[in-house]
Amino acid sequence: AASIFNSRILDGVRLTITAGPTREAIDPVRYISNHSSGKMGYALAAAAADAGAIVTLISGPTNLNCPERVSRVDVISAQDMLDASTATLGKCELFIACAAVADYRPAKAADQKIKKDNDSMHIDLVRNPDIVSTVANHSERPVTVGFAAETQDLLRYARGKLERKNLDLIIANDVSNSAIGFNANDNAVTAIWKDGQCDIPQMGKNQLAAQLITLIAQKFFAETR
Ligand code: CTP
Ligand code: CA
């Protein structure tokens, strides 16, 4: 298929991208997860490959097909996603964290199916490692891009994450509007960096992915092309 880009704006750039949800086991038949289709991450992986990048897509469970010319590493849990991500450090120039990582996991997954013996129950949860912030604070740090899905105070929370996680760019996404974000086909975002930001209006996720890849290429990889 013809490229959507005029030139290979990420030619030879090695990209690692996380996408989709993670699943955190409660017992052999149950898990904690979230609503993430993986569409945005897969669209970014496809657009980056189209722009000439060498793409490793680290994906939680989704119903999506792997885009052409993309190598996919399938993972289930946040810990697996962290391990697969750190394994690419020193071998990638760009990292995009698009996954909806479960923030907590059961402290211990039960070995056997839990029986409904009581009228109530609780599960002890412990915090998962922060994948994008581990990458952004590594000695072999790639250009690091995160996402922020928020239901309120979008720009304030997103800029806080940009700073706290030591990111180069964060893509802020209002998930209180169900026409965009999580399971939707469209998205509208604000791209935020240290000393600026820009709005990208509502459009299809494939088109948005092309715009985001163009922005990333111009901001961080222009002089090396
Ligand atoms: N992220 C990550 N590892 C985690 C949690 C989040 O890599 N354990 C990444 C996401 O892929 C995203 C960014 O961090 O790129 C922001 O995720 P988000 O859930 O919005 O931020 P949190 O830091 O988890 O904060 P909170 O959920 O409390 O808003
Ligand atoms: Ca979170």
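On a predicted model such as this, the values are computed, not experimentally measured, just so you know.

## Brief notes about the coordination of the calcium ion (ligand 2)
Ideal geometry at a metal gives 109.5 degrees between four tetrahedral donors and either 90 or 180 degrees between six octahedral ones.
1) Next: The coordination sphere of the calcium ion (ligand 2), as far as protein atoms go, consists of Asp 103 (OD) and Asp 103 (OD), spread over 2.4 to 2.5 Å.
2) Next: Its place among the elements puts Asp 103 in the loop between strand E6 (94-97) and strand E7 (104-106).

## Comments concerning the site of ligand 1
1) Next: Of all residues adjacent to ligand 1, which total 14 residues, the nearest are Ala 97, Ala 99, Val 132, Lys 161 and Lys 165.
2) Next: Ala 97 places a polar main-chain atom, nitrogen or oxygen, 2.8 Å from an oxygen atom of ligand 1.
3) Next: For ligand 1, an oxygen atom lies 2.7 Å from a polar atom in the side chain of Lys 165.
4) Next: Calculation on ligand 1 without its partners gives an accessible area of 570 Å², and the protein chains cover 76% of this total.
5) Next: For the shell around ligand 1, the elements supplying multiple residues, two or more each, are helix H3 (131-136) and strand E9 (143-150).
6) Next: Class assignment for the residues of the shell around ligand 1 results in 9 nonpolar, 1 polar and 4 charged.

## Some words on the sheet that holds strand E5 (residues 70-74)
1) Next: Taken in spatial order, the 8 strands of this open sheet run E5-E4-E1-E6-E9-E10-E11-E12, and their pairing is mixed. On the outer flanks of this sheet lie E5 and strand E12 (196-204), each paired with one strand and no other. With direction set aside, neighbouring strand axes in the sheet form an average angle of 20°.
2) Next: Note: E6 against E9, 4 bridges, orientation parallel. Bridging from a neighbouring strand, Ala 97 pairs with Gly 146 of E9.
3) Next: In the packing of helix H5 (residues 205-220) onto the sheet, contacts are made with E6, E9, strand E10 (169-174), strand E11 (186-193) and E12, and the angle to E12 comes to roughly 155°.

## A look at the packing of aromatic side chains
1) Next: For the structure on display, the rule yields 0 aromatic pairs.
2) Next: The positively charged end of Arg 156 is found above the aromatic ring belonging to Tyr 157, 5.0 Å away from the centroid.
3) Next: Cation over ring: Lys 219 sits above Trp 193, and NZ or CZ is 3.9 Å from the ring centre.

## As for the UniProt feature "binding site: CTP" (unreviewed entry) in the protein
1) Next: As recorded in UniProt, the sites labelled "binding site: CTP" (unreviewed entry) are Asp 103, Lys 113, Pro 129, Asp 130, Ile 131, Val 132, Phe 147, Lys 161 and Lys 165. A maximum C-alpha distance of 37.3 Å shows the annotated residues, which cover 63 residues in sequence, to be distributed over more than one spot.
2) Next: For Lys 113, the location among the structural elements is in the loop between E7 and strand E8 (125-127).
3) Next: Take Lys 113: its relative accessible area is 45%, and that puts it in the partly exposed class.

The rules behind these values
- Residues numbered from 1 in each chain as written.
- Chains lettered and ligands numbered in written order.
- Predicted model: local features only at pLDDT ≥ 70, side-chain atom pairs only at ≥ 80, totals over all residues.
- Heavy atoms only, no water.
- Donors = N, O, S within 2.8 Å, 3.2 Å for Na, K, Ca; no water.
- Helix = DSSP H or I, 4+ residues; strand = E, 2+ residues; numbered from the N terminus.
- Near = heavy atom within 4 Å.
- Polar contact = N/O pair within 3.5 Å; in protein donor to acceptor, adjacent residues only side chain to side chain.
- Areas by Shrake-Rupley, 256 points an atom, 1.4 Å probe, with all protein chains shown as cover.
- Nonpolar A, V, L, I, M, F, W, Y, C, P; charged D, E, K, R; others polar.
- Pairing = 2+ DSSP bridges.
- Axes fitted to C-alpha atoms, helices over the stretch in contact; angles between N-to-C directions.
- Contact = heavy atoms within 4.5 Å.
- Phe/Tyr/Trp six-rings, centres within 6.5 Å; stacked < 30°, edge-to-face > 60°.
- Lys NZ or Arg CZ within 6 Å of the ring centre and 35° of its normal.
- UniProt positions renumbered as here; feature names shortened; annotations may be inferred.
- Buried < 20%, exposed > 50% of the residue type's maximum accessible area, 1.4 Å probe, protein only.

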